[in-house]
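Observations on the model geometry
Listed below, chain by chain, are the residues.
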Amino acid sequence: MAAYKKYQRSDGGTDTRYFVGQNFAVQLNGRSDEEEALVRAGTLGINCSPDFAPPAGFRNEPAQVDGCVLTDYVG
C-alpha cells in the first residue's frame, strides 16, 4: 500500500483505481462499466491522492491506511 500511496501522490492524478471489499481488492485500469458495477455492488474505492475531493453526494470516508479515503466516486 505504501508504494501505491507514493505513486498516486507523485503522478498528480486523483482517479480511484483500487476497489476494496471485506476480503478482496481489485485494481482496474481505465474507466469502465466494471468500476460502476463494483460501486453499485457496494464496493468502495481507495484513494490516496492529497488532492482528491469527490463531488457533493459521494462518500469520502477515512480508510485504515493513513492519508487515504474510501469513496464511491470513480470519475
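Preceding block: the structure.
Here goes a summary of the coordinates provided. What you see is a predicted model, and the numbers here were worked out from it, not measured in a lab.

Procedures and definitions
Residues numbered from 1 in each chain as written. Predicted model: local features only at pLDDT ≥ 70, side-chain atom pairs only at ≥ 80, totals over all residues. Heavy atoms only, no water. Disulfide = S-S within 2.5 Å. Helix = DSSP H or I, 4+ residues; strand = E, 2+ residues; numbered from the N terminus. Buried < 20%, exposed > 50% of the residue type's maximum accessible area, 1.4 Å probe, protein only.

1. Topic: the state of the cysteines
By the definition in use, this model includes one disulfide. Each sulfur in the disulfide pair Cys48 and Cys68 lies 1.9 Å from the other. Judged by the torsion about the S-S bond (100°), the Cys48/Cys68 disulfide is right-handed. One end of the pair, Cys48, is in the loop between strand 3 (44-47) and strand 4 (60-62); the other, Cys68, is in the loop between strand 4 and strand 5 (69-71), with 20 residues separating them in the sequence. Judged by relative accessible area, which is 0%, Cys48 ranks as buried.

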